[in-house]
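Examining the three-dimensional arrangement
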Amino acid sequence: MGRLTTHVLDATHGCPGRAIKVELYRVAGDRLELLAQRETNEDGRCDAPLLEGEAYRSGVYQLQFNAGDYYRGRGVELGEQAFLDVVVLRFGISAEQPHYHVPLLLSPYSYSTYRGS
């Protein structure tokens, strides 16, 4: 059975992104179905896969990372309107692949992602 995992690296502070709220949605047309809510651990990872077992199937998914809350909690001044408050990543999964890993490299003003291993 397949699984979906993620982790967050804080490029500003050079450390894992700890205690970041992560939400996973399945995209169904114009609807979002909430599948999982997690918080990253001390290593910037979720303690369990976001998706696994029978729930792991082909489709379009959306990960949301609450970056603004994270940086505010670290004392970073983001201004009245944070440039990146919630980072949204929409991507596809083919259930024929046994593992998708979606890392996020984050700063208050930029991010990057890729299909990890």
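Along each chain, numbering runs from 1 in the same order as the chain's sequence is written. The model is predicted, so local features are restricted to residues of pLDDT at least 70 and side-chain atom pairs to those at 80 or more, both for listing and for counting; the totals for chains, interfaces and linings are taken over all residues. By convention in this description, side-chain values take in all heavy atoms of the structure and omit both hydrogens and water.

Points about the overall build of the chain
Helical segments are the DSSP runs of H or I of at least four residues, strand segments are the runs of E of at least two, and each set is numbered from the N terminus. Counting its secondary structure elements, the chain contains 1 helix and 9 strands. Reading the chain from its N terminus to its C terminus gives the helix and strand order β-β-β-β-β-β-α-β-β-β. Note that the radius of gyration is over C-alpha atoms, with the globule rule given as 2.2 Å times the number of residues to the power 0.38. Against the 2.2 N^0.38 benchmark of 13 Å for 117 residues, the chain shows a C-alpha radius of gyration of 14 Å, consistent with a compact globule. C-alpha extents for the chain along the principal axes are approximately 40 × 30 × 20 Å. Burial statistics for the chain: of 117 residues in total, 44% are counted as buried. Carbon and sulfur atoms provide 47% of the accessible area of the chain, an area that totals close to 6,500 Å². A gap of 5 Å separates the mean positions of the 12 positive and 15 negative side-chain charges of the chain. Type-normalised accessible area, obtained with a 1.4 Å probe on protein chains alone, sets the label of each residue: buried when under 20%, exposed when over 50%, and partly exposed for intermediate values. Where accessible areas are quoted, they stem from the Shrake-Rupley method and a 1.4 Å probe; at the residue level, only the protein chains shown are allowed to cover. Residues counted as positive are Lys and Arg, residues counted as negative are Asp and Glu, and His and the chain ends are not counted. Here the site of a charge means NZ on Lys, CZ on Arg, CG on Asp, or CD on Glu.

Observations concerning the UniProt feature "domain: Transthyretin/hydroxyisourate hydrolase" (unreviewed entry) in the chain
UniProt positions are given in the numbering used here, feature names are shortened, and annotations may be inferred rather than shown by experiment. The positions UniProt marks with the feature "domain: Transthyretin/hydroxyisourate hydrolase" (unreviewed entry) are residues 4–116. Taken end to end, residues 4–116 has its terminal C-alpha atoms 11 Å apart, with 6% of it in helix and 49% in strand.

Topic: the nonpolar core
With 28 residues, the main nonpolar core has Leu4, Leu63 and Phe65 as its most contacted residues. Elements supplying a minimum of two residues to this core: strand S1 (3–10), strand S3 (21–28), strand S6 (59–65), helix H1 (67–73), strand S7 (87–93) and strand S8 (99–107). In what follows, a contact means two residues having at least one pair of non-hydrogen atoms within 4.5 Å. Apart from residues lying up to four places away in sequence, phenylalanine 65 is in contact with Thr6, Val8, Ile20, Lys21, Val22, Asp85, Val86, Val87, Leu89 and Leu104. As used here, the term nonpolar core means buried Ala, Val, Leu, Ile, Met, Phe, Trp, Tyr and Cys residues forming a set that is joined through side-chain atoms within 4.5 Å.

Regarding the pairing of S3
Counting buried positions over the 8 residues of S3 gives 6, a clear majority of the element. Only strands joined by at least two bridges in the DSSP assignment are considered to pair. Relative to strand S4 (residues 31–39), S3 is paired through 8 bridges, and the arrangement is antiparallel. Its bridge partner lying in S4, tyrosine 25 is registered against leucine 34. Between the end of S3 and the start of S4, which pair antiparallel, lie 2 residues, with glycine 29 showing a positive phi angle near 65°.

Things to note about the environment of leucine 105
The topology assignment puts leucine 105 in strand S8. In this structure leucine 105 comes out as partly exposed when scored by relative accessible area, which is 39%. For the pair formed by leucine 105 and glutamate 77, sequence separation is 28 residues and the distance between their alpha carbons is 19 Å. Not counting chain neighbours up to four residues away, the residues in contact with leucine 105 comprise Leu9, Ala11, Ser110, Tyr111 and Ser112.

Examining the packing of aromatic side chains
Think of it this way: a Phe, Tyr or Trp ring, Trp meaning its six-membered ring, pairs with another when their centres are within 6.5 Å, and the plane angle makes it stacked under 30 degrees, edge-to-face over 60, tilted otherwise. This structure, assessed with the given rule, holds 3 aromatic pairs. Whether a charge lies above a ring is judged from NZ of Lys or CZ of Arg, which has to be within 6 Å of the ring centre and within 35 degrees of the ring normal. The residue whose ring lies beneath arginine 115 is tyrosine 100, and the NZ or CZ to ring-centre distance is 3.9 Å.

Here we look at the pattern of salt bridges
Just to be clear on terms, a salt bridge is a Lys or Arg side-chain nitrogen sitting within 4 Å of an Asp or Glu carboxyl oxygen. Per the stated rule, a full pass over the model turns up 6 salt bridges. Notably, a salt bridge pairs arginine 18 with glutamate 42, separated by 3.2 Å at the nearest N-O pair. Of this pair, arginine 18 sits in the loop between strand S2 (15–16) and S3 while glutamate 42 sits in the loop between S4 and strand S5 (51–52), placing them 24 residues apart in sequence. Exposure remark for arginine 18: the relative accessible area of 34% places this residue in the partly exposed category. Taken together, the salt bridges that share partners define one network made up of Asp69, Arg72 and Asp85.

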